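Results of the structural survey
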Amino acid sequence: MNQAAPLSPEELERYARHIVLPEIGGPGQQKLKRARVLVIGAGGLGAPVLEYLAAAGVGTLGIVDDDHVSLSNLQRQVIHATESVGVSKAESAAATIARINPHVTVELHKLRLTTDNAAELVSSYDLVIDGSDNFETRYAVADAAAAVKRALVHAAVGRFDGSITVLKPFETNADGRNNPSYRDLFPEPPPAGLVPSCAQAGVLGALTGVMGTLQAMEAIKLITGIGEPLVGRLLLYDALSARFDTVRYKAS
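Below is a summary of the structure that appears in this document. From a predicted model like this one, the values you see are computed outputs, not experimental measurements. (Residues numbered from 1 in each chain as written. Predicted model: local features only at pLDDT ≥ 70, side-chain atom pairs only at ≥ 80, totals over all residues. Heavy atoms only, no water.)

Attention now moves to the overall build of the chain. Tallying secondary structure elements over the chain gives 10 helices and 8 strands in all. Over its C-alpha atoms the chain spans a radius of gyration of 17 Å, differing by no more than 12% from the 18 Å that the globule rule assigns to 252 residues. For the chain, buried positions account for 48% of its 252 residues. A total of about 12200 Å² of accessible surface is found on the chain, and carbon and sulfur atoms cover 54% of it. When the 23 positive and 27 negative side-chain charges of the chain are each reduced to one mean point, those points stand 4 Å apart. (Helix = DSSP H or I, 4+ residues; strand = E, 2+ residues; numbered from the N terminus. Rg over C-alpha atoms; globule rule 2.2 N^0.38 Å. Buried < 20%, exposed > 50% of the residue type's maximum accessible area, 1.4 Å probe, protein only. Areas by Shrake-Rupley, 256 points an atom, 1.4 Å probe, with all protein chains shown as cover. Lys, Arg positive; Asp, Glu negative; His and termini not counted. Charge placed at Lys NZ, Arg CZ, Asp CG, Glu CD.)

Counted by the stated rule, this structure contains 3 aromatic pairs. Taken together, a centroid distance of 4.6 Å and an interplanar angle of 25° make the contact between Y237 and F244 stacked. Owing to a relative accessible area of 14%, Y237 belongs among the buried residues under this scheme. Across the ring face of Y125, the terminal group of R36 is positioned such that the distance to the ring centre comes to 4.5 Å. (Phe/Tyr/Trp six-rings, centres within 6.5 Å; stacked < 30°, edge-to-face > 60°. Lys NZ or Arg CZ within 6 Å of the ring centre and 35° of its normal.)

A few words on the side chain of Q29. The topology assignment puts Q29 in helix α3 (residues 25-34). What makes Q29 buried here is its relative accessible area of 0%. At 2.8 Å, the side chain of Q29 forms a polar contact with the backbone oxygen of A56. Those residues in contact with Q29, other than ones at most four positions away along the chain, are L7, Y15, H18, I19, I24, A56 and G57. (Polar contact = N/O pair within 3.5 Å; in protein donor to acceptor, adjacent residues only side chain to side chain. Contact = heavy atoms within 4.5 Å.)

Remark: α3 packs on helix α10 (residues 205-224), axes separated minimally by 9 Å, with the N-to-C direction vectors making an angle of 110°. Overall, the two elements α3 and α10 adopt an arrangement that is roughly perpendicular. Relative to α10, the crossing made by α3 is right-handed. Taken together, the residues of α10 that come into contact with α3 (itself represented by G28, K31 and L32) are I220, I223 and T224. Of the residues assigned to the contact of α3 with α10, the class counts are 3 nonpolar, 2 polar and 1 charged. (Axes fitted to C-alpha atoms, helices over the stretch in contact; angles between N-to-C directions. Parallel < 35°, antiparallel > 145°, perpendicular 65-115°, else oblique. Left-handed = near helix turned anticlockwise from the far one by under 90°. Nonpolar A, V, L, I, M, F, W, Y, C, P; charged D, E, K, R; others polar.)

It is worth spelling out the pattern of salt bridges at this point. Inspection of every chain in the model, using the stated rule, returns 11 salt bridges. Salt-bridge contacts for R183 lead to D143; the nearest nitrogen and oxygen are separated by 2.8 Å. Here the residue R183 occupies a position in helix α8 (residues 182-185), and D143 occupies one in helix α7 (residues 135-147), the gap between them amounting to 40 residues. Taking the relative accessible area as the measure of exposure, R183 reaches 38% and is therefore partly exposed. On the basis of relative accessibility, which here comes to 34%, the residue D143 falls in the partly exposed class. Ionic pairing is found between K221 and E218, a salt bridge with its closest N-O pair at 2.7 Å. Note that K221 and E218 are positioned in helix α10 at a spacing of 3 residues, about one turn of the helix. (Salt bridge = Lys/Arg side-chain N within 4 Å of Asp/Glu carboxyl O.)

Strand order in the open sheet formed by 8 strands is β3-β2-β1-β4-β5-β6-β7-β8, with mixed pairing between adjacent strands. At either margin of the open sheet sits one strand with a lone partner, and together these are β3 (105-109) and β8 (243-248). Neighbour-to-neighbour, the strand axes of the sheet open up by a mean angle of 15°, direction not taken into account. Bridge count for strand β6 (residues 161-167) against strand β7 (residues 233-238) is 4 bridges, and the pairing is antiparallel. Each residue of the ladder has a partner; that of G162, found in β7, is Y237. (Pairing = 2+ DSSP bridges.)

Following both chains from N to C, one finds helix α4 (residues 46-56) and α10 inclined at 40°, their axes separated by 8 Å at the closest point. With respect to α10, the axis of α4 lies oblique. Here α4 and α10 pass one another in a crossing that is right-handed. Here P48, V49, Y52, L53 and A56 of α4 come into contact with α10, specifically with T208, G209, G212, T213, Q215, A216, A219 and I220. Within the contact of α4 with α10, the residues separate by chemical class into 8 nonpolar, 5 polar and no charged.

This brings us to the nonpolar core. It is characteristic of soluble globular proteins that their nonpolar side chains tend to be buried jointly. In this structure, V37, L50, L53, V58, L61, I97 and L127 are the most contacted members of the largest nonpolar core, which totals 38 residues. When sequence neighbours within four positions are dropped, the list of residues in contact with L50 reads V39, A42, L61, I63, I79, A93 and I97. Counting residues in each nonpolar core, the second largest holds 21 residues, with L38, Y125, L152 and L185 among its members. (Core = buried A, V, L, I, M, F, W, Y, C linked by side-chain atoms within 4.5 Å.)

Written out as C-alpha cells, the structure is:
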C-alpha cells in the first residue's frame, strides 16, 4: 500500500462512523486511504463494490471494463444513470465515484482483461475484486492474482442465487497447508454454452447488489485486517428462500 497524507478535518468528519469503531478507528481508515483496489467489471457486481469502497474511503480504485452502458444494464448496474447510455462504463463509474467521494483517485483501464495483460494489471494493486461475467476472465484474473500474490475477492451470480469467496493461495492456513486456489474450487471451466449468460437467463437486479456489497465487505476486512475473510469458504446465497449456506473447500 502507498503512503497517504494524514486525514483532513473534512475526512475525519466524513468517516466518523468508521473511526468510532474500535476495530477500524483512525489507523484502519488510513489503511483504507492508502489502499489500491482493482475492480474487474463496472457492471452488476462492480457497481455496488465501487460505490461502497468509494464511500468507505479507499484511496485508489482501478476499473477494468471495455464495455459501454446500455439501457438493459440499468436494472441492476446502479452506478450508471439513464443519461449514461452509450458512455464507457469505466468513465460513467468514475463520474459517479467523483460525486460520492472526491478524495478517491480512479484509474481507468478501458480494456478486456486477458491472460496476456492480467499479471501486469493486478501487480499494480494491493487487492483485486472480480465482478466479471465470464469464465475466461475469471480464470485469467485468478491465475494472475495467485502468481503475483494478491488477494482476490471473487463472486458470481445466477438468476436468483450467488456465491462469494476470498482467494489467497499464496498463503498457508492455521494447519500449515496452502490455502485453496480458484482452480481447487473450479478445476476447469464448464463446456461452452452450458451456463447461460445473464442476457439469456436473466438476473434479479437486487441480487447483484447483495453479492457486490458482500464483496465490498470482504475487501474492507482484508484491507483493515478485521474479522475472518472467506478464505477456504464459499458463501452461497439463495435469494428466493432468503438463505445463506457456507461450503468449506481445500487445496487439492
